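The primary structure of each chain is shown beneath.
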Number of protein chains: 2
Amino acid sequence: MNLREFQAEWMPRFDAYLYSELRAAVPEQENLHKAMAYSLMGGGKRIRPLLVLATLALAGREISDGFAAAAALEYIHTYSLIHDDLPAMDDDDYRRGRLTSHKVFGESTAILAGDALLTAAFEILAETPTLSADKKIRLIALLAKAAGPDGMIAGQMDDVEGEEKRLTIEELKQVHDKKTGALIRFSVTAGCLIAEADGSFAREMEQFSRHLGLAYQIHNDLKDVVLDEAQTGKTTHHDADLNKNTYPSLLGVAGAIQELNTVIGQAEGCLERLAARIDDAENKIDVFREILDYVRI
Amino acid sequence: MNLREFQAEWMPRFDAYLYSELRAAVPEQENLHKAMAYSLMGGGKRIRPLLVLATLALAGREISDGFAAAAALEYIHTYSLIHDDLPAMDDDDYRRGRLTSHKVFGESTAILAGDALLTAAFEILAETPTLSADKKIRLIALLAKAAGPDGMIAGQMDDVEGEEKRLTIEELKQVHDKKTGALIRFSVTAGCLIAEADGSFAREMEQFSRHLGLAYQIHNDLKDVVLDEAQTGKTTHHDADLNKNTYPSLLGVAGAIQELNTVIGQAEGCLERLAARIDDAENKIDVFREILDYVRI
């Protein structure tokens with residue numbers, strides 16, 4: 001099964017689940033619901049949910065068992081974008097080709113919609129009937145750690161503070177390992193945990209997700225320099241304007257492209273080792289190979 | 001045991017727990033840790049944790065079993081104050097007699113510190129070794145519901161929207177039932193759940209917490225009108241400036257005081273019924289009687 005087929009089969013069902021959970025979480029406050037739905041259903045690529053579900057498929061388990069964890073992840077990813085775009089943070093007017101939340105709903109609603117998505121993420125995981133209490137607790141602890149003040153939020157703080165100084169490439173990697181890497185790693189860790197995958201499978205998948213997370217960030221930085229607004233759907237050249245630390249600003253465009261290709265090669269290595277180990281892995285692993293296409297330049 | 005004795009015995013231990021959990025949650029990002037600690041250890045009255053712990057005492061259970069739930073509650077209460085004070089929200093410069101988070105650390109750090117406290121609250125509950133997985137899951141589901149888009153955040157949105165229109169007293173009660181009531185109710189519900197209290201005890205305590213939550217809000221509104229800044233430690237006459245819906249603005253000062261006394265009387269009724277039912281309740285229930293003193297004018 002290739003990525004397109006996997007998406008065609010699973011993403012409409014996942015989106016329906018995501019939206020029904022949102023309706024259940026916000027039964028009364030219509031404007032809050034609207035603001036949450038605007039960002040949540042606003043055309044994201046759903047990379048993180050895809051990783052959860054594809055990991056379950058690769059491990060040979062029931063794919064819909066991953067819906068709650070995938071939804072919680074997407075809620076948290078979405079809240080982080082809403083808060084990141086705020087005037088006090090990155091001050092972005094556009095995201096995915098549409099106005100950002102605070103431009104449409106105002107700043108106070110955008111702050112509350114982000115807070116609400118973050119809170120509801122844990123409610124979804126705690127209330128899903130498809131997982132045992134023990135699995136739910138482990139997932140909640142891991143998700144809170146990945147998204148919290150020793151994970152994503154630490155990376156965001158490092159990023160804010162880094163604006164004022166020049167980072168080394170190692171420091172930049174550390175920032176992104178937390179800022180974007182932690183949630184991407186959680187995607188496959190959650191899939192492995194739900195599937196009760198064995199240790200060597202889980203370790204190889206975790207390595208893959210590390211490389212993918214890094215590639216994702218280098219690609220993102222390069223996109224801002226190489227592509228124009230029509231292609232990225234958001235205001236570009238923005239990070240460079242702020243003298244931000246990015247892979248192209250530290251390594252040059254050619255150096256960043258080379259680094260990206262190296263990291264993608266390492267991720268492919270993980271997939272080859274997995275393919276050699278798992279019976280009938282070949283067509284299930286194609287989904288992951290094609291996910292890597294998202295981060296190629 | 002009176003309130004002062006109960007506090008003297010338990011609150012220093014609880015504060016030490018709260019701070020050690022914070023250190024564990026933020027091992028590396030010093031400025032994030034500082035901002036979180038500034039608000040978390042900034043002299044709040046700890047009413048919600050006190051309610052959790054006193055409920056366990058009244059139910060005759062191990063009081064420290066309530067630490068994780070009480071800490072999670074205080075983290076969430078604290079994040080809600082940080083975000084509420086932001087320029088885009090209530091735009092307050094002072095809270096508890098000290099500068100608000102965004103005045104000290106800047107807006108972006110205040111937003112992130114709030115997000116971090118909210119996220120870490122769920123990590124604390126998920127990782128505490130003192131509760132079973134089943135209890136933890138029920139607590140997390142209840143806390144997310146109380147703090148989320150059908151609880152506290154719905155109330156905050158209603159409040160933001162209500163600024164533009166005149167509410168009836170019933171509508172105002174609905175707003176506050178979610179905005180401040182939900183977390184206060186969770187305090188006693190969590191205590192009852194951890195203590196495995198019987199249904200009639202839990203129902204009476206839940207009624208008590210409803211009355212307390214309402215009294216708390218009426219008292220808060222009155223304080224802004226009746227007391228001056230030196231006594232409240234924050235910028236007062238603020239809500240009235242914004243033409244906000246408050247109990248005094250809808251009922252007049254005398255009417256609001258009368259309503260407050262009625263509600264306190266109902267809360268006292270709950271405590272008397274509990275005292276009559278529980279052996280040796282008399283001195284344990286004094287703690288709750290004295291908590292009501294906080295909301296008397």
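Relevant structure appears above.
Residues numbered from 1 in each chain as written. Chains lettered and ligands numbered in written order. Predicted model: local features only at pLDDT ≥ 70, side-chain atom pairs only at ≥ 80, totals over all residues. Heavy atoms only, no water.

### So, the interface of chain A and chain B
- Each partner contributes residues to the interface: chain A has 47 residues there, and chain B has 47 residues.
- Roughly 4000 Å² is buried in total at the junction of chain A and chain B, and carbon and sulfur atoms are behind 71% of that figure.
- On the chain A side of the interface with chain B, the three residues burying the most area are Leu 112, Pro 149 and Met 157 of chain A, jointly 16% of the side's total.
- Where chain A touches chain B, the interface holds two salt bridges.
- Among the salt bridges present, the one from Lys 178 of chain B reaches Glu 28 of chain A, with a minimum N-O distance of 2.9 Å.
- Taken together, the connections running from chain A to chain B amount to 10 residue pairs in polar contact (both at pLDDT 80 or more). (Contact = heavy atoms within 4.5 Å. Buried area = accessible area lost by both parts, 1.4 Å probe. Salt bridge = Lys/Arg side-chain N within 4 Å of Asp/Glu carboxyl O. Polar contact = N/O pair within 3.5 Å; in protein donor to acceptor, adjacent residues only side chain to side chain.)

### Section: helix 1 (residues 3-25) of chain B
All names here are of chain B.
- When the terminal C-alpha atoms of helix 1 are compared, their 31 Å separation across 23 residues agrees well with the 33 Å that a helix rising 1.5 Å per residue should span.
- Maximal helix bending in helix 1 amounts to about 35 degrees, located at Trp 10; proline Pro 12 follows within four positions.
- Within helix 1, the full set of buried residues consists of Leu 3, Phe 6, Trp 10, Met 11, Phe 14, Tyr 17, Leu 18, Leu 22 and Ala 25.
- Capping of helix 1 at its N-terminal end is provided by Asn 2; its side-chain oxygen lies 3.2 Å from the backbone amide nitrogen of Arg 4. (Helix = DSSP H or I, 4+ residues; strand = E, 2+ residues; numbered from the N terminus. Expected span 1.5 Å × (residues − 1). Bend = angle between axes of the 7 residues up to and from the residue. Buried < 20%, exposed > 50% of the residue type's maximum accessible area, 1.4 Å probe, protein only.)

### Things to note about the packing of helix 3 (residues 47-58) of chain A against helix 4 (residues 67-85) of chain A
Residue and element names in this part refer to chain A.
- Closest axis-to-axis distance for the helix 3/helix 4 pair is 8 Å, and the angle between their directions is 160 degrees. Put simply, helix 3 runs roughly antiparallel to helix 4. Considering how the two elements wind past one another, helix 3 and helix 4 form a crossing that is right-handed. In contact with Arg 48, Pro 49, Val 52 and Leu 53 of helix 3, helix 4 contributes Phe 67, Ala 70, Leu 73, Glu 74 and His 77.
- In terms of residue class, the contact of helix 3 with helix 4 is made up of six nonpolar, one polar and two charged. (Axes fitted to C-alpha atoms, helices over the stretch in contact; angles between N-to-C directions. Parallel < 35°, antiparallel > 145°, perpendicular 65-115°, else oblique. Left-handed = near helix turned anticlockwise from the far one by under 90°. Nonpolar A, V, L, I, M, F, W, Y, C, P; charged D, E, K, R; others polar.)

### Some words on the packing of aromatic side chains
- This model, assessed by the stated rule, comprises 11 aromatic pairs over all chains.
- Taking the centre distance of 6.1 Å and the plane angle of 85 degrees together, the rings of Trp 10 of chain B and Phe 67 of chain B count as edge-to-face. Residue Trp 10 of chain B is located in helix 1, and its partner Phe 67 of chain B is located in helix 4 (residues 67-85); the two are separated by 57 residues in the primary sequence. Note on accessibility: Trp 10 of chain B and Phe 67 of chain B belong to one class, buried.
- Relative to Phe 67 of chain B, the ring of Tyr 17 of chain B lies with its centre 5.5 Å away and its plane at 50 degrees, an arrangement referred to as tilted. In this pair, Tyr 17 of chain B is assigned in helix 1 and Phe 67 of chain B in helix 4, connecting sequence segments 50 residues apart. Phe 67 of chain B matches Tyr 17 of chain B in its accessibility class, with the two residues each being buried.
- Taken together, the ring pairs connect Trp 10, Phe 14, Tyr 17 and Phe 67 of chain A into an aromatic cluster.
- Stacked on the ring of Tyr 38 of chain A, the Lys or Arg Arg 98 of chain A has its end atom at 3.8 Å from the ring centre. (Phe/Tyr/Trp six-rings, centres within 6.5 Å; stacked < 30°, edge-to-face > 60°. Lys NZ or Arg CZ within 6 Å of the ring centre and 35° of its normal.)

Any functional reading would require information beyond the geometric quantities listed.
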